[in-house]
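# Remarks on the overall topology
Chain by chain, the residues:
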Amino acid sequence: MSSLLEGVKKDRFYVSWILVIIMFLSYLVPLGIPVTIRDPTREVYQFLNTLPADSKPLLLSLDFTAGGSPEIRPSMMAVVKHAISRGLKFVVIGIGTDESTALMQSLFDDSGVEDTYEYGVDYVGIGYIPGGEITVAALAQDFSSVVETDAYGNKVSDLALTKDIKDWKDFSAVIPFDSAGVHMFWVRNWTPYDIPYYGSFTAGSEPRYVAFYNSGDIDGYMAGLRGGAEYEILTGFLSTGVKSMDMQSLTHLYAFVVLVAGNVVLYVFKKEGK
Amino acid sequence: MSRQTTKVFLPVLLVAFAGGVILAEYFFAPQILSTLGSELKKLGVLIFSMSMIVGLVGISINSYKKISRRAPGEWYLHVWLLALLYVWVIVGLIYTPTHDFYQWLFANFITALYQAMLALPAMSLFVAIYRSYKVKFELNTILLTASFLLVLFAGAPLGEAIWTGFTPIRSWIINVPTASAERGLIITMALGVIGLSLRTIFGIERTWLGILRVPTATEEEGEGE
C-alpha cells in the first residue's frame with residue numbers, strides 16, 4: 001500500500017500524461033464509437049438540404065476565436081461544404097472577434113470554395129465589422145449602409161451577390177458560429193424578424209440557447225464539437241469533428257476513472273491514518 | 001460653462017437623446033425616427049472602431065511609461081508587448097488579414113498559442129478532479145456527482161453506446177429544468193437591463209460617467225476658491 005501512496009505524490013504528473021496519451025491514441029487509432037444525431041442538428045441539415053439553389057444568400061457570421069476554433073470550425077466547415085455541394089450562395093461576416101477576417105480566409109482556402117464558386121456572384125467575404133450588438137442590430141435594418149466594402153476592398157454595391165441586399169429580408173437564413181459569447185446579440189436582434197435562424201455555439205452554451213430553441217426562436221443548432229461531428233455525418237463530409245469524437249468519449253471516461261481513483265486513494269489515506 | 005454642465009449635463013443629455021431615439025424607433029413608426037436610429041447605429045459602429053485606435057494609443061503610452069522608468073520585473077515584457085503589437089499592426093496594414101503571409105502568421109502563432117493556452121486548464125481540471133472531488137453521502141454531493149456523471153456520459157457518444165437511457169435523461173434535464181431556469185435568468189436579466197437603461201436615459205444612473213455623486217453648486221464654488 002505504501003507504494004500506492006508514494007505514487008500518489010506524483011499524481012499530477014501521471015494524471016496529466018495519461019490524459020495526453022489517451023488523446024493521442026484515440027486520434028491515431030479511432031474506435032469508431034457511433035454518434036447519434038440529435039434533433040437540433042438534424043433541423044439545420046434538413047433546412048439547408050431542402051433550400052433551393054436559387055434562394056437568397058445565407059448570412060454566415062464567424063464569431064469564434066482562434067482558441068475556440070477546434071470546437072466550432074468542424075460545424076462551420078461542414079455547413080459551408082454542404083452549402084457549396086447544394087449550390088447555395090452565402091455572405092460571410094464576423095462581428096464577435098477581430099480574428100474573423102483571418103478565419104474567413106482560412107475557410108475559403110480550406111473549403112475549396114474558390115475552385116467551384118465565383119467570388120462576388122456565389123459568395124462574398126465581408127470579414128470583421130466592429131461595433132458588437134449595435135452592428136448586429138444595424139445589419140438587420142440597413143445592411144447596405146453598414147457594409148460598404150468587402151474584405152478585399154471591393155464595394156459591395158459593385159458585387160452581383162450583394163448589390164441588392166438592403167436588410168434581413170434579402171437573406172434566406174442567418175447562421176452565426178460563435179465561441180466569443182456574442183450569440184445572444186444575434187438572438188436578440190434577428191429572431192424578432194421572420195427569417196430562419198440557425199446557429200453553432202460551444203457545448204457549454206447549449207443550456208442557455210435551448211430555451212430559445214424550445215420557444216421556436218432558434219430553428220436549429222449545432223452544439224460544440226459534437227454538433228459539428230453530427231453535421232459531418234449527416235452530410236458525409238467527414239473531418240476533424242468525427243475524428244475527435246472518440247477522443248471526447250475516452251477523455252470523458254478517463255475523467256470518471258480519475259474521479260474513482262481519487263476517492264479510492266483518499267479512502268486508503270484515511271484508513272492508514274495519513 | 002460650469003464643470004457640472006460639461007462633465008455631467010451634456011453627456012447625460014447626449015445619452016438621453018441617443019437612447020431615447022433608439023427606444024422610440026423600436027416602438028413607433030415615423031420615418032424620421034427610423035432614419036435617426038439608423039444613423040445613430042452607424043455612428044455607434046464608427047465610435048467602436050475609433051475605440052480600437054484609442055486602445056492602441058492607450059496601451060502604447062502605458063507601456064512606454066513603464067519602459068522609460070524601467071519598471072522592475074515588467075519593463076522587458078512591455079517591450080515584447082509593443083514589439084508584437086506593432087508587428088501585427090504593420091503586417092495587417094501592409095498585407096491585410098486575407099494575405100497569405102498574414103494567414104501563415106495567424107495559423108502558426110495566434111491559433112497555435114491560443115489553443116495551447118486553452119488546453120492547459122484541461123490538465124489542471126483532471127488533476128483537480130483527482131485531488132479535490134471527494135464523494136460524500138450528502139445530498140449536495142450526490143446531486144453534483146450525478147450531474148457530473150450525466151454530463152460525462154450523456155455528452156459523449158460513449159455514454160449512448162454504454163446505455164441508451166442516457167440520451168432521454170439528458171434531453172429531459174436540458175429541456176425541462178435547465179431551460180426553465182435559463183428562462184428565469186434571461187427574463188430577470190432583461191428586466192434588469194431595462195431598468196438600468198431607463199435610469200441611464202433619464203440621467204439617474206451616472207456611474208458610467210466615472211462619478212458616484214454629482215457635486216453641488218456650493219461644493220463646486222468651494223473647490224474653485
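Predicted model, so just to flag it, every value in this text is computed and none were measured. (Residues numbered from 1 in each chain as written. Chains lettered and ligands numbered in written order. Predicted model: local features only at pLDDT ≥ 70, side-chain atom pairs only at ≥ 80, totals over all residues.)

### Things to note about the packing of helix H2 (residues 31–68) of chain B against helix H3 (residues 75–95) of chain B
Residues and elements named next belong to chain B. Two elements in contact, H2 and H3, have axes whose closest approach is 8 Å; the angle formed by their N-to-C orientations is 145°. Of the two elements, H2 crosses H3, and the hand of that crossing is left-handed. Touching Ile59, Ser60, Ser63, Lys66 and Ile67 of H2 are Trp75, His78, Val79, Leu81, Leu82 and Leu85, all from H3. A per-class count over the contact of H2 with H3 returns seven nonpolar, three polar and one charged. (Axes fitted to C-alpha atoms, helices over the stretch in contact; angles between N-to-C directions. Helix = DSSP H or I, 4+ residues; strand = E, 2+ residues; numbered from the N terminus. Left-handed = near helix turned anticlockwise from the far one by under 90°. Contact = placed C-beta atoms within 7 Å. Nonpolar A, V, L, I, M, F, W, Y, C, P; charged D, E, K, R; others polar.)

### Overview of the sheet that holds strand E6 (residues 220–223) of chain A
Residue and element names in this part refer to chain A. Pairing in this open sheet of six strands is parallel, and the strands run E3-E2-E1-E4-E5-E6 from one edge to the other. At either end of the open sheet lies a strand with only one pairing partner, and these are strand E3 (123–128) and E6. Averaged over all neighbouring strand pairs, the angle between strand axes comes to 10°, with direction disregarded. The sheet strands contacting helix H5 (residues 100–111) are strand E1 (58–63), strand E2 (90–94) and E3, and the helix crosses E3 at an angle near 150°. Sitting on the sheet, helix H10 (residues 224–235) touches strand E5 (198–201) and E6, and the angle it makes with E6 is about 115°. (Pairing = 2+ DSSP bridges.)

### A few points about unusual backbone geometry
All names here are of chain B. With phi around 45°, Arg70 is a residue other than glycine that occupies positive phi space. Relative to the assigned elements, Arg70 resides in the loop between H2 and H3. Assessed through the 9 C-beta atoms surrounding it within 10 Å, Arg70 is described here as exposed. A positive phi is found at Thr96, a non-glycine position, where the angle reads about 65°. (Buried ≥ 20, exposed ≤ 12 C-beta atoms within 10 Å, placed from the backbone.)

### A few points about the nonpolar core
The biggest cluster of nonpolar side chains holds 71 residues, and the ones touching the most others in it are Leu58 and Tyr221 of chain A. Beyond its immediate stretch of four places on either side in the chain, Leu58 of chain A contacts Ala83, Leu88, Phe90, Phe171, Ser172, Ala173 and Ile175 of chain A. If you look at the next biggest cluster of nonpolar residues, it comprises 15 residues, including Tyr254, Ala255 and Leu259 of chain A together with Phe153 of chain B. (Core = buried A, V, L, I, M, F, W, Y, C linked by C-beta atoms within 7 Å.)

### Section: H5 of chain A
Between the first and last C-alpha of H5 of chain A there are 16 Å, a value that for 12 residues agrees with the 16 Å anticipated at 1.5 Å per step. Burial runs high along H5 of chain A: nine of the 12 residues are buried. Buried residues along H5 of chain A sit against E1, helix H4 (69–85), E2, helix H6 (113–116) and E3 of chain A together with helix H4 (100–132) of chain B. The first or second residue beyond H5 of chain A is Gly112 of chain A, which carries a positive phi of 80°. (Expected span 1.5 Å × (residues − 1).)

### A short note on the pairing of strand E4 (residues 173–178) of chain A
Residue and element names in this part refer to chain A. E4 sits mainly inside the fold: six of its six residues count as buried. Burial along E4 is two-sided: the residues Ala173, Ile175 and Phe177 and Val174, Pro176 and Asp178 are all buried. Across six bridges, E1 lies against E4 in parallel orientation. Across the sheet, the residue bridging to Leu60 is Ile175, located in E4.

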